[in-house]
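# An overview of the molecular structure
Listed below are the residues making up each chain.
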Amino acid sequence: MLGPMAGARARQVDWLLVGSALALALLGSLLVWSATRPRLVESGGDPRAFLVRHLMNLAIGLVLGTVAAVVNYRTLRTSAPVVYVASCLGLVTVLLIGSTINGSHSWIVLGGGFQVQPSEFAKVGLVVTVAMLFAERRERDDTRRERDVPLLLALAAVPAGLIMLQPDIGTIMVLAFTLLSVLAVAGVSWRWLVGLVLLGVVVVFAAVHLGVLKEYQLDRFRAFANPQADTQGVGYNTNQARIAIGEGGLTGTGLFHGTQTNGRFVPEQQTDFVFTVAGEELGFVGAGGIILLFGILLWRTLRIAGRSPDLFGRLLAVGIAAWFCFQMFVNIGMTLGITPVTGLPLPFVSYGGSSMFANCIAIGLLINVHRRTASSSSPLVA
Amino acid sequence: MNDSSIRIFAFRVLVISMVVTLGARLYYLQVLGREKVVQTATRQHVREVVVPAPRGAIVDDRGRPLVRNRPSLVVTVDRGELRSQDDGGRAVLARLAAVVKIPAGRIAKMITPCARGVPRPCWRGSPYQPVPVVTDTTPDRVLRIAERAEDYPGVRAQVETLREYPHVGLAAHTLGYTGPITQEELDNAAAAGRDTYHHDDMVGRSGLERQYDDALRGRDGVRRVLVDNRGTVTGFDSETPPTPGDTLVTSFDVDLQALAEKALAEQVAAMRAQFDGKTGRNFAAPSGALVVLDPNTGRVLALASFPTYDPTLFVGGISATELEALTDPQAGVPLVSRAVAGQFAPGSTFKLVSTSADVTAGLGSLAGRYACPPSLAVGNQVKTNYDSESLAGTIDFRTALAFSCDTFFYQFAMNAWYADQARVDAGRRPAEVQQAMARAYGFGNEPGIDLPEGEQTGGRIIDRAYLQRRWEQNRPQYCADGRRGYPEVADAARRAFLTQLARENCSDGWRFRIGEAADMAIGQGETTVSPLQLALAYSALVNGGRLYRPTIARAIVGPDGRVREVTPTVARTVPVAPGLLRYIRESLVFGRGISVSGQTAFEGFPLDRYPVGGKTGTAEVFGKQDTSWFASWAPAGRPKYVVVGMIEQAGLGSRAAAPMVRKVYEGLFGIGRPPVYPGARRPTAVPGVSPATPAAPPPVAKLQPDTPARPAGASREVTRREVARRRARSRARPRGAAP
């Protein structure tokens, strides 16, 4: 029996949002288990090692998320600069002492098998910072928002530049999409938006032609453009992923029974290509289920955005929605052959501590916004 | 709707469209586009492992196996894999040598494909097939290899199915043997669009094994295993189980065949111990044959040939030395079946043809009486009766057949020759009634028994056209030999004879001389037949003129128990009046008061109960002792069996061949020895047989390692790609001479 206070507190939590995130994380733990089991068995290790760690990450994430959810809304807004500076410091640290994995200098190895990926936290940092900045400016005076855009771009350029040095194109893309989405919802004029998109195109074009991108990054795009060109080389990942997806059919081969998964044909399967495990072993039902869960998660996030009584909450929610949505789209899209291969994890599902922590914190922030909405009696949007 | 709402709505639409895009794309790939992608997946990661079909057994008329399978522990070496190692596999061979107790150098020779200049022992099979180095090795040796597989790359220890002969050596010539498929055969099969062969298959090489290979071999199964990108087997996909080979039921009988072979071997031994007064030395008796037929159906009941061999030699690969021994003329070429592929002058047994021809052509009459002088001038030669015997006055055909008077038959042959000469001189075609009748009885043509091409002979019947053809082909050689004069022949008389013969052949080799016509009448000269052909001709004599295309196979029984009967067909009907056939039969039946040649061999035989009819033959062969023949049937009233016996260089038909044939009849009728058939009654129904089963599980529990590295002990791994690669390799470099 819940007391009236407990009931009120429970109503302050969007259980559908939390539920869908939890479901994704738990589903992810099974997929990670399946993806890592054969290798662990062969090397004589505990076949559940990755499962246990994934669940541990989730547990830590729940704690972080709870903290993010219960922290005072005001405190949250005012702590944005701290978050921003902290995430930038993390990115500097990784450049100084980080380790290179798969061509990216993105990890700080802590020892004991733990490593931190500061760029994941930078996503949280950027979202909070941008939301706070816009909201503060907006609420203090009623100037045109365009004026804030250069400042915002400058603020975003610092972590983006640091990430570019790693380099981690995927995260840059997430940040760019998130920033653009927040700007769009914040009411920046269409001209600015179109201009920024064009700028992005020019930057990408220049990067390709001025040799800023590494050869392997270009290869990934070439493989995307022509997946059958080199199925043993750069196109190998995508091709194997597509085969795994195709293998699944409607209901899949059953957990632990995927031939692609058991045969370890798909590299990075517990992280970036975790969706292929779902595709092969759970089939359209399971993989579609994951997309559906993301749909629910995004719906609830946007609902929170729409109902937020203040601009900070709304922009925070939109930013998080843009981040999750883009990352989901690119991650799943690359296994389906509709987006190029980039090293982006599937939120909640992929194995990886930093990503899980950042995602949980984001959910916590959303709950925080929701709590404020629920306690105020005048939702803006139904 | 204000600006803010529009913007958030637009963002919502964007998010929804992204989610929907993913969902739609997933649906397209997984649900709609499934076929295409699965195929790609299958092609890449499923390896096909050939599961060999157990070869069908060959059984006798009572279902008792003549050949069956047995599992054997075999160690094979893949030469290609050895050569790809840094030291060319030297280290592996050294380790293997220590285990199997064969010097490494010898193993290296054993696995080298045979070609010109390659020292023996060498490998006669496909150069890309793992070569069996040791068969029937011990489980502990196999274990030593299987447990440390990483120390023996290219070496496999596995269970293979080998042919086993429960009655070692029995019917060896007829059963034949199997051997590894050659690259050429594989290529031919591939070119013909047949995918039923794999590169380490065993195929029937001779005899029934070859003739019925398609039925016996079954269809290999395919086990599709899943492999990861490093080739490690990770799982099992599906399996098309092998279809075991059909069981070949023959009309042979283990007991009858054993009796025939024993009688033949004993008689050969006995003749070798006998002194031949004619040549002043013991009989050489180098070879012999026994044929038992059912004259009413054309089924072959037994085929014995001496010398014989042990087909087990071929199991698991025959060594070159062993094969040489089997084809060595000094040893009598044991590999050739004298019963089916041997050609010998038939001697007086051929008087069946002469009598049929003479009477049918009107040269002589059954009512007529003709002279039987001790000798007769034939052309510029004088030909005598055997031992210059003669009968006073005139005799009829019956007596001439029974007494086997040669001069009697010469007269008709000479008359026929003169008549033909007159026709030729008048520009007409010769009648050649002797040859026509010989062909009608099946001589000069392969009998069409169900044995492979090249393993049966049609014998030789010469006529004018044949001689003309031969002369045109060989004339340069004859003339050269005549001029050269055989300086390499030491014996002066023989040298003179050969030189004279060559000169005559050079100028007149095309002529069909009167002497040759006379020789043919008594089954000598150039006339040769196989014992099987003679048995078929005598079957026609006793069955009313039907000349069968004989079969050894009785039925082919599928693994599902379905029976396909094999029935001999009638090749032709002999154009001889039934009355004449009856006359000849009656003339040759023993124990009816008149003396018939060969009857002495049947003294004490209950001819009253089991009347036997038969004709002896004692064929004179230039430079050799006489060939002994006996062609017979029994019971004379309603013949159930035709038995033909032959021993080369063993003298009189009545002394060598007939006693041997008598033993066969004793067995068939159960006279003085247990009958070969239960109750002396030959079974007529197809016996029930059980289908071939795969090789029994290996007698070693741990033969299959726990690691999934090797799919199965008894399976042979062949990937399509591998075969293609091997083919490509074989094209890329010159191939050794075909074995």
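## A few points about the overall build of chain A
Summing up its helical and strand segments, chain A has 15 helices and three strands in all. Each of the 382 residues in chain A was classed as buried or not, and the buried ones make up 52%. Within chain A, counting contacts between residues at least 6 apart in sequence, those at least 24 apart form 72% of the total.

## Quick word on the overall build of chain B
Regarding its fold elements, chain B presents 24 helices and 26 strands. Residue burial in chain B is summarised as follows: out of 739 residues, 47% are buried. Of all intrachain contacts in chain B linking residues separated by at least 6 positions in sequence, the fraction that spans at least 24 positions is 73%.

## Considerations on the sheet that holds strand 14 (residues 299-306) of chain B
All names here are of chain B. The strand order across the open sheet formed by five strands is 14-13-25-24-23, and the pairing between neighbours is antiparallel. Every interior strand has two partners, whereas the edge strands, strand 14 and strand 23 (613-619), have only one. Geometrically, the sheet is characterised by an average inter-axis angle of 10° between neighbouring strands, direction not taken into account. Pairing geometry for strand 24 (residues 627-634) and strand 25 (residues 641-647), over seven bridges, is antiparallel. Among the inter-strand pairings, Ala 634 is bridged to a residue of strand 25, identified as Tyr 641.

## Side note on unusual backbone geometry
Residue and element names in this part refer to chain B. Residue Pro 307 is reached from Phe 306 by a cis peptide bond, and omega for that bond is 0°. The step from Ala 634 to Pro 635 runs through a cis peptide bond, and the omega angle for that step is -15°. For Pro 635, the position within the fold is in the loop between strand 24 and strand 25. Unusually for a residue other than glycine, Lys 101 sits at a positive phi of about 60°. Mapped onto the secondary structure, Lys 101 falls in the loop between helix 4 (90-100) and helix 5 (104-110). A tally of 9 C-beta atoms within 10 Å means that Lys 101 is categorised as exposed.

## As for the packing of helix 13 (residues 274-307) of chain A against helix 15 (residues 353-375) of chain A
All names here are of chain A. Relative to each other, helix 13 and helix 15 sit at 45°, their axes nearing to 9 Å. Accordingly, the angle class assigned to the pair helix 13 and helix 15 is oblique. Crossing handedness for the pair helix 13 and helix 15: left-handed. When helix 13 is examined against helix 15, the residues Thr 301, Ile 304 and Arg 307 are found in contact with a partner set consisting of Leu 366, Val 369, His 370 and Thr 373. Residues that form the contact of helix 13 with helix 15 fall into these classes: three nonpolar, three polar and one charged.

## Considerations on the pairing of strand 3 (residues 65-77) of chain B
All names here are of chain B. In terms of residue burial, strand 3 counts as a mostly covered element, since 11 of its 13 residues are buried. In terms of strand pairing, strand 2 (residues 58-59) meets strand 3 through two bridges, oriented antiparallel. Across the sheet, Val 59 pairs through a bridge with Pro 65, a residue of strand 3. Counted along the chain from strand 2 to the antiparallel partner strand 3, the turn is five residues long, and its residue Gly 63 has a positive phi close to 85°. Across 10 bridges, strand 3 lies against strand 5 (residues 155-164) in antiparallel orientation.

## Let's talk about the confidence of the model for chain A
Looking at chain A, the pLDDT average stands at 82 and 81% of residues meet or exceed 70. Between residues 377-382 of chain A, whose pLDDT stays under 50, and residues either more than four places distant or in other chains, the model counts nine contacts.

## Focus on the environment of Gly254(A)
Note on placement: Gly254(A) falls in the loop between helix 11 (236-248) and helix 12 (259-262). For Gly254(A), a count of 13 C-beta atoms within 10 Å translates into the label partly exposed.

## Brief notes about the environment of Gln343(B)
All names here are of chain B. As for its placement among the helices and strands, Gln 343 is situated in the loop between helix 13 (338-341) and helix 14 (351-360). It is 8.1 Å that separates the C-alpha atoms of Gln 343 and Arg 460, two residues lying 117 residues apart in sequence. Setting aside residues up to four positions removed in sequence, Gln 343 forms contacts with Thr 457, Gly 459, Arg 460, Thr 528, Val 529 and Ser 530.

## Some details on the environment of Ala21(A)
Residue and element names in this part refer to chain A. Topologically, Ala 21 is positioned in helix 2 (residues 15-42). On the basis of neighbour count, Ala 21 is assigned to the buried category, with 28 C-beta atoms found within 10 Å. In the structure, Ala 21 is positioned 326 residues away from Pro 347 in sequence and 8.7 Å away in space, judged by C-alpha atoms. Ignoring any residue separated from it by four or fewer positions in sequence, one finds Ala 21 in contact with Leu 297, Phe 348 and Ile 363.

## A word on the packing of helix 14 (residues 311-336) of chain A against helix 15 of chain A
All names here are of chain A. Across the interface, helix 14 lies against helix 15 with an axial gap of 10 Å and an inter-helix angle of 150°. The way helix 14 lies across helix 15 gives a crossing that is left-handed. Contacts from Gly 313, Leu 316, Ala 317 and Ile 320 in helix 14 reach Ala 362, Leu 365, Leu 366, Val 369, Arg 372 and Thr 373 in helix 15. Residues belonging to the contact of helix 14 with helix 15 are distributed by class as follows: seven nonpolar, two polar and one charged.

## Side note on helix 21 (residues 531-543) of chain B
Residue and element names in this part refer to chain B. Over its 13 residues, helix 21 extends 18 Å from the first C-alpha to the last, a length consistent with the 18 Å expected when each residue adds 1.5 Å. Judged by how many residues are buried, helix 21 sits mostly within the fold: 13 of 13 residues are covered. Looking one or two residues past helix 21, Gly 544 carries a phi angle of roughly 95°, positive in sign.

## Some remarks on the confidence of the model for chain B
Residues and elements named next belong to chain B. The share of residues in chain B with pLDDT of 70 or more is 87%, and the mean pLDDT across the chain is 83. In this model residues 37-44 is a low-confidence stretch, pLDDT under 50, and it forms 12 contacts with partners more than four residues away in sequence or in other chains. Long-range and interchain partners of residues 695-739, a stretch whose pLDDT sits below 50, account for 78 contacts in this model, where long-range means more than four residues apart. In the model output, the complex is listed with pTM 0.60 alongside ipTM 0.90.

Parameters and conventions
- Residues numbered from 1 in each chain as written.
- Chains lettered and ligands numbered in written order.
- Predicted model: local features only at pLDDT ≥ 70, side-chain atom pairs only at ≥ 80, totals over all residues.
- Helix = DSSP H or I, 4+ residues; strand = E, 2+ residues; numbered from the N terminus.
- Buried ≥ 20, exposed ≤ 12 C-beta atoms within 10 Å, placed from the backbone.
- Contact = placed C-beta atoms within 7 Å.
- Pairing = 2+ DSSP bridges.
- Axes fitted to C-alpha atoms, helices over the stretch in contact; angles between N-to-C directions.
- Parallel < 35°, antiparallel > 145°, perpendicular 65-115°, else oblique.
- Left-handed = near helix turned anticlockwise from the far one by under 90°.
- Nonpolar A, V, L, I, M, F, W, Y, C, P; charged D, E, K, R; others polar.
- pLDDT = per-residue confidence, 0-100.
- Expected span 1.5 Å × (residues − 1).

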